[in-house]
Amino acid sequence: MEKFEQVIKEAQEPITPSNTFVEETMQRITEKPNRHHWGLKLWLPVTASALAVAAVFVFHTPSSTSTPVRQLSSPTGPSQAAQAATTMASGTDNASLASDLATISDEINQGDSNLANANNAVNNQPQSITIPTN
Amino acid sequence: MDVTNTMADRIETTALAEVRAGNHDSYRILVERYHRGLVQHCYNVTRDLALAEDIAQEAFVRAHDKLAQYNEAYAFSTWLYKIAHNITYGYLRKQQFTEAIDDHQEHLADDRPSLDELTDREFTRQAVQTAIATLPANYRQVLALYYWSEYSYEEIATIMDRPVGTIRTWLHRAKEQLRKELYGKV
């Protein structure tokens, strides 16, 4: 080793770590499993409770039928059936739901009847074409 | 000396196996064996004892937590120094350590004892320390690992995750830069 390298080698400033270094490091290492343990103790009941509440909510939700009815009331035109569906969306119990469904059914039947009448009227008109002559 | 090292290596291997089996207290053997060298190395690079201890402690904790990833083809100390190296460079990038080094150099210059108070040897040592502090972080790291921690080129390459050729080049350039810095001063 040349002299210059020897100079570098001897230039290291020796330091002494604090007396508590090993203990503090070991404390950090050995405390970690305990932290995880307490974490599980805390989070497992919380998660279980949240799942239970979510399950109760899901099973009781079908009594409120507003969501599927709103799908029926998507804007396809200002028909009477759509208006009836929109009205029905405000119903919250089974009785009003049944009533709303009956109204929709009546409106659809009425619509079919009107369409049939219109078709008959068109078919019964005389098939004549007038050609203007000068 | 070799017998002592072999014995220490065997104890270390046993301790590692015990830690892997869940006995975390056995990790103390590794901390006690390497903490002085690791703190010294971190200090050589950062020139801040409190920071060096924080980095070394974090390296020990991470090495423990990621022990499953340790490849026994390398010495445990090499892996430990590699983790410390990554933490140090992460810190240097985050804190823009270059500015801190500059401040630290001014601080060193202010606190430096007068020439009369220094022996030739001590004067030389401080001059070299000050010159090393001006080097880029990777050069300081290579110098510290090679001359002070006495790692081989191959081990330094593993620690710094660079090819051996790069390590040789960095060490050569570090010495040249240091020689220029010190020329006429020592």
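Residues numbered from 1 in each chain as written. Chains lettered and ligands numbered in written order. Predicted model: local features only at pLDDT ≥ 70, side-chain atom pairs only at ≥ 80, totals over all residues. Heavy atoms only, no water.

**A short note on a nonpolar patch on the surface**
A contiguous nonpolar surface patch, about 260 Å² in accessible area, is contributed by Met 7, Ile 11 and Ile 29 of chain B. For Met 7 of chain B, the position within the fold is in helix 1 (residues 2-20). (Patch = residues over 30% accessible without salt bridge, like charges linked within 9 Å, V, L, I, M, F, W, Y side chains within 5 Å. Areas by Shrake-Rupley, 256 points an atom, 1.4 Å probe, with all protein chains shown as cover. Salt bridge = Lys/Arg side-chain N within 4 Å of Asp/Glu carboxyl O. Helix = DSSP H or I, 4+ residues; strand = E, 2+ residues; numbered from the N terminus.)

**Focus on the interface of chain B and chain A**
As a measure of interface size, the accessible area lost when the parts come together is often cited. The interface is formed by 35 residues belonging to chain B together with 27 residues belonging to chain A. Summed over both partners, the interface of chain B with chain A buries about 3000 Å², with 61% contributed by carbon and sulfur atoms. Inspection of the region where chain B meets chain A yields five salt bridges. When the shortest N-O distance is used, the salt bridge between Glu 13 of chain A and Arg 47 of chain B registers 2.9 Å. Here chain B and chain A share 18 residue pairs in polar contact (both at pLDDT 80 or more) between them. Among the elements of the structure, helix 2 (27-46), helix 3 (49-65), helix 6 (120-133), helix 7 (137-148) and helix 9 (164-182) of chain B are those that each provide at least two residues to the side of chain B that touches chain A. The element contributing the most residues to the side of chain B that touches chain A is helix 2 of chain B, with 10 residues. Looking at the side of chain B that touches chain A, its residues break down into 14 nonpolar, eight polar and 13 charged. (Contact = heavy atoms within 4.5 Å. Buried area = accessible area lost by both parts, 1.4 Å probe. Polar contact = N/O pair within 3.5 Å; in protein donor to acceptor, adjacent residues only side chain to side chain. Nonpolar A, V, L, I, M, F, W, Y, C, P; charged D, E, K, R; others polar.)

**Comments concerning the confidence of the model for chain A**
Across chain A, pLDDT averages 72, with 57% of residues at or above 70. Counted against residues more than four places away or in other chains, residues 69-74 of chain A, with its pLDDT under 50, gives five contacts. (pLDDT = per-residue confidence, 0-100.)

**Re helix 8 (residues 153-160) of chain B**
Residue and element names in this part refer to chain B. By the burial criterion, the buried members of helix 8 are Ile 156, Ala 157, Ile 159 and Met 160. All buried residues of helix 8 fall inside an arc of 165° around its axis, so they share one side. Positioned one or two residues after helix 8, Asp 161 has a phi angle of 60°, which is positive. (Buried < 20%, exposed > 50% of the residue type's maximum accessible area, 1.4 Å probe, protein only. Arc of directions from axis to C-beta.)

**Quick notes on the packing of aromatic side chains**
Residue and element names in this part refer to chain B. Applying the stated rule across the entire model yields 10 aromatic pairs over all chains. Arranged with centres 6.5 Å apart and planes meeting at 85°, the rings of Tyr 27 and Phe 60 form a pair that is edge-to-face. Here Tyr 27, found in helix 2, pairs with Phe 60, found in helix 3; they are 33 residues apart in sequence, far enough to count as distant. Each member of the pair, Tyr 27 as well as Phe 60, carries the same accessibility label: buried. Relative to Trp 79, the ring of Phe 76 has its centre 6.0 Å away and its plane inclined at 55°; by these criteria the two rings are tilted. Note that Phe 76 and Trp 79 are positioned in helix 4 (residues 76-95) at a spacing of three residues, about one turn of the helix. The class for Trp 79 is buried, based on a relative accessible area of 15%. (Phe/Tyr/Trp six-rings, centres within 6.5 Å; stacked < 30°, edge-to-face > 60°.)

**Here's the deal with the side chain of Arg 125 of chain B**
Tracing the backbone shows Arg 125 of chain B in helix 6. Arg 125 of chain B has contacts with Glu 10, Ala 11, Gln 12 and Glu 13 of chain A, leaving out every residue within four places of it along the chain.

**Some words on the pattern of salt bridges**
Per the stated rule, a full pass over the model turns up 11 salt bridges over all chains. With a closest N to O distance of 2.4 Å, Glu 72 of chain B and Arg 20 of chain B form a salt bridge. With a gap of 52 residues between them, Glu 72 of chain B in the loop between helix 3 and helix 4 and Arg 20 of chain B in helix 1 connect regions that are remote in the sequence. What makes Glu 72 of chain B exposed here is its relative accessible area of 53%. For Arg 20 of chain B, a relative accessible area of 38% gives the class partly exposed. Each member of the salt-bridge network shares a partner with another, and the members are Arg 28 of chain A together with Glu 58 and Arg 62 of chain B.

**Considering the packing of helix 8 of chain B against helix 9 of chain B**
All names here are of chain B. At a minimum axis separation of 8 Å, helix 8 and helix 9 run at an interaxial angle of 100°. In terms of orientation, helix 8 lies roughly perpendicular with respect to helix 9. Two secondary-structure elements touch here, helix 8 through Tyr 153, Glu 154, Ile 156, Ala 157 and Met 160 and helix 9 through Val 164, Ile 167, Arg 168, Trp 170 and Leu 171. (Axes fitted to C-alpha atoms, helices over the stretch in contact; angles between N-to-C directions. Parallel < 35°, antiparallel > 145°, perpendicular 65-115°, else oblique.)

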